Structures are given as C-alpha cells and as structure tokens.
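If you want the building blocks of each chain, they are given just below.
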Amino acid sequence: MSRTAALRPSLPITIASALVLLLCVAGTAGTQATLRATASTSDRSLVISAGSAGLSLSTLSLDTTSLYPGLTLVGPVTVTNTGNVPLRLGVAGLTMPSGAAANALSDALVVGVRTVPSLASCTAANASPVWSGSAASAAAGSIGSTLPTSTSQVLCVSVTLPINAPAASQGQSASGIRLRISGTQA
C-alpha cells in the first residue's frame, strides 16, 4: 500500500472533525455575548409617591341570646379597603377585660373570625373560624384573605362559651372585649 493511499481515508475524517470543532467553538462564542443598553433621563425631576393603607369596619352586632356552655353567637362585620394598596387581612390581637371588668365568663370566651361571602352567610353553622383567641391565648394571625383596593369583605365574628366553661361564669356579663382587625400591604 502506498503512502498516499493510507492518508486518503483519514483526510475526510480530519476535515469533518475540524468543521465540527469550528462549529462548536463558533456556537460557544455566540452564547458568551453580553447585551447592554443605556439611556439618560431628562432634566425634569422624577416624583415617586407612596401608597396608603386604610380600613374601615362596620359595627359588630351580636345576638343578645344568653350564652351557655357549647353555644356560639355570631355577627357580621364588613371591612372596606379605603386605601390605594391591596391589604392582607389579619387579626392584630384580642384585648380582654382587665381589673374589675375581668371575670370567669370573659376569661372563658373564645372569639373567632372567618371570611364569608355575604352578611346572610354569617351563621353559627358557618362560624368555624380561621383565627381564634381567648383571654389565655390570642396571638396575632392571618384571616387568609386579601382585600383589593376599594372593595369590601364580610367577616363573621364568633363568640363561643366552651362546653368546659367554669361554673363560676354563670350569671356573669362580659364587656370591653376588643378584636383588632389589621390590614397589611399585600
């Protein structure tokens, strides 16, 4: 076999390999490019305004039925976003009576909140709260609803006297309980 015959079959393989290598290198170089653009603002000043958060609440009115262990009373509250940013609704806390106003009844009550689709749907049957608290424990928490600007949502507030309420709560009245609803920018 001559020397030129031995080189011929490897020459097309060498050329093909060089083309593949060239395409790989050319493709890799193209992906390394950085695009950049710049522009300047005019001489006019830029004004940036902060949004505002605002909530308004209707008055809560509960049924005046006397509580007994195991009974839940409910009442609707309409909360309206009066600001210009969407708000995530929550409970900032629960203030229970203190001093002479505190008694076994107010200490035993469990207050709850959940969103409902309408005033009429705020019933004891629909009152399973997404947030609840008592004199013993009332940590801040979420109601699980976001209120867009200029809209309203109905909250169903429940007050329950647990089945295991102390006998000392009998014949007492509870007043001065405050449920604080919050709105945090969403």
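For the structure itself, look to the data block above.
Student: Please give an account of the sheet that holds strand S1 (residues 55-57) that cites residues and values.
Tutor: Note on sheets: strands pair through backbone hydrogen bonds, and any given pair is parallel or antiparallel. Taken in spatial order, the five strands line up as S1-S2-S7-S4-S5 in an open sheet, and their pairing is antiparallel. Each having just a single partner strand, S1 and strand S5 (131-134) make up the two edges of the open sheet. The average angle at which neighbouring strand axes cross in this sheet is 25 degrees, direction not considered. Looking at chain direction, strand S2 (residues 72-81) and strand S7 (residues 152-160) are connected through nine bridges and run antiparallel. Along S7, the bridge assignment pairs Thr-80 with Ser-152.

Student: Hey, could you go over the state of the cysteines for me, with residue numbers and the actual values?
Tutor: This structure, assessed with the given rule, holds one disulfide. Through a disulfide, Cys-122 is tied to Cys-156; the S-S separation comes to 2.1 Å. Between Cys-122 and Cys-156, the disulfide has an S-S torsion of 80 degrees and is therefore right-handed. A residue pair is termed long-range when its members are at least 10 positions apart, and Cys-122 in the loop between strand S4 (110-116) and S5 and Cys-156 in strand S7 qualify at 34 residues.

About the thresholds
Residues numbered from 1 in each chain as written. Predicted model: local features only at pLDDT ≥ 70, side-chain atom pairs only at ≥ 80, totals over all residues. Heavy atoms only, no water. Pairing = 2+ DSSP bridges. Helix = DSSP H or I, 4+ residues; strand = E, 2+ residues; numbered from the N terminus. Axes fitted to C-alpha atoms, helices over the stretch in contact; angles between N-to-C directions. Disulfide = S-S within 2.5 Å.

Read these as spatial facts, not as claims about activity.
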